[in-house]
Amino acid sequence: MYPDSIKELIESFKFLPGIGEKTAERLAFSVLEMDEDQVELFSSSLKDVYTNVHKCKNCNTLTDQDLCFVCSDTLRDDNILCVVEDSKSVFLFEKLGVFSGKYHVLDGLISPLDGINPEDIGLSNLLDRIHNEKFEEIIFAFKPSIEGETTALYIKKILEDLDIKITRLASGVPIGADMEYVDSLT
Ligand code: ZN
């Protein structure tokens, strides 16, 4: 019933998490209301993130530069490293403005039930950094979960002979917290 171009746009919106048929239709029709500049920006930004965004070669945070905005900021406290499970956490903490040290982003958390083992989450890069950059304190800031617990304990064990203070963020970020949650706080 829909013209092919509209049908294709609806199907594209359905790639997004949490978007079903009804919402996809509504979004597609709102695109039809946009002016040409907005459509141009919308389509080029989709292409841009795909082409330009990659992981920071130092800390693994998503960036469109060689080094991310944290790694390239010389004013940050380089004695403290905050280890997180994804780039979203970095953007979240930065938005909250609660941390002034450096970050390291793992490729997820250890989850044996899902077949994700210690060698799958990029630990060697983290350990290299810890050895090279001589941090005084390492903070694990994972969302509360069994996987977060397991991962923190695993890394802690590897580091136990080093003279580094290791802390866990007491409650972490609430489960399911995301940018919308932060927006509601700020
Ligand atoms: Zn970085």
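Look up: the structure comes first, before these words.
Where do I start with the overall build of the chain in this structure?
From N to C terminus, the chain includes seven helices and six strands. Element order for the chain, N to C, with α for helix and β for strand: α-α-α-β-β-β-α-β-α-β-α-β-α. In terms of C-alpha radius of gyration, the chain reaches 20 Å, well past the compact-globule figure of 16 Å for 186 residues. Taking the principal axes of the C-alpha coordinates as reference, the chain spans close to 65 × 40 × 30 Å. Per-residue burial over the chain gives 33% buried out of 186 residues. Pairs at least 24 residues apart make up 54% of the contacts formed inside the chain by residues separated by at least 6 positions.

How do you make sense of the nonpolar core when you look at a structure like this?
Among soluble globular proteins, nonpolar side chains are generally buried collectively. Judged by nonpolar contacts, the single largest core of 18 residues is most densely connected at Val-83, Leu-106, Leu-126, Ile-130 and Ile-138. The biggest single contributor to this core is helix H5 (residues 123-133), with four residues. Val-83 has contacts with His-104, Leu-106, Leu-126, Ile-138, Ile-139, Phe-140, Ala-141 and Phe-142, leaving out every residue within four places of it along the chain. Formed by 15 residues, the second largest nonpolar core is a distinct cluster that contains Cys-59, Val-84, Val-90 and Tyr-103.

Would you take a moment to explain the packing of aromatic side chains for this structure?
Ring pairs (aromatic) are described by centroid distance and by the angle formed between their planes. Tallied over the entire structure, the rule returns five aromatic pairs. The interplanar angle of 35° and the centroid separation of 6.4 Å between the aromatic rings of Phe-13 and Phe-42 together place this pair among those described as tilted. Linking Phe-13 in helix H1 (residues 4-13) with Phe-42 in helix H3 (residues 36-52), this pair joins segments that are 29 residues apart in sequence.

Where do I start with the pattern of salt bridges in this structure?
Pairing is possible between side chains that carry opposite charge, provided their charged atoms lie close to one another. Tallied over the entire structure, the rule returns eleven salt bridges. Its salt-bridge partner being Lys-14, residue Glu-11 comes within 3.4 Å of it at the nearest N-O pair. Overall, the relative accessible area of 39% leaves Glu-11 in the partly exposed class. The class of Lys-14 is partly exposed, set by a relative accessible area of 30%.

What exactly am I supposed to notice about the coordination of the zinc ion here?
When a metal carries six donors in an octahedron, the ideal angles between them are 90 or 180 degrees, while four donors in a tetrahedron ideally lie at 109.5 degrees. Protein ligation of the zinc ion involves Cys-56 (SG), Cys-59 (SG), Cys-68 (SG) and Cys-71 (SG), the donor distances falling in the range 2.3 Å. For the zinc ion, the four donor atoms in the first shell make angles of 100 to 118° at the metal, so the coordination geometry reads as tetrahedral. In terms of primary sequence, the donors binding the zinc ion are separated according to C-x2-C-x8-C-x2-C. Of this pair, Cys-56 sits in the loop between strand E1 (54-55) and strand E2 (62-63) while Cys-71 sits in the loop between E2 and strand E3 (80-84), and the two are 15 residues apart along the sequence. Taken individually, Cys-56 and Cys-71 each receive the classification buried, so the pair is uniform in this respect.

Scoring rules and cut-offs
- Residues numbered from 1 in each chain as written.
- Predicted model: local features only at pLDDT ≥ 70, side-chain atom pairs only at ≥ 80, totals over all residues.
- Heavy atoms only, no water.
- Helix = DSSP H or I, 4+ residues; strand = E, 2+ residues; numbered from the N terminus.
- Rg over C-alpha atoms; globule rule 2.2 N^0.38 Å.
- Buried < 20%, exposed > 50% of the residue type's maximum accessible area, 1.4 Å probe, protein only.
- Contact = heavy atoms within 4.5 Å.
- Core = buried A, V, L, I, M, F, W, Y, C linked by side-chain atoms within 4.5 Å.
- Phe/Tyr/Trp six-rings, centres within 6.5 Å; stacked < 30°, edge-to-face > 60°.
- Salt bridge = Lys/Arg side-chain N within 4 Å of Asp/Glu carboxyl O.
- Donors = N, O, S within 2.8 Å, 3.2 Å for Na, K, Ca; no water.
- Tetrahedral: all angles 85-135°; square planar, octahedral: opposite > 155°, others 65-115°.

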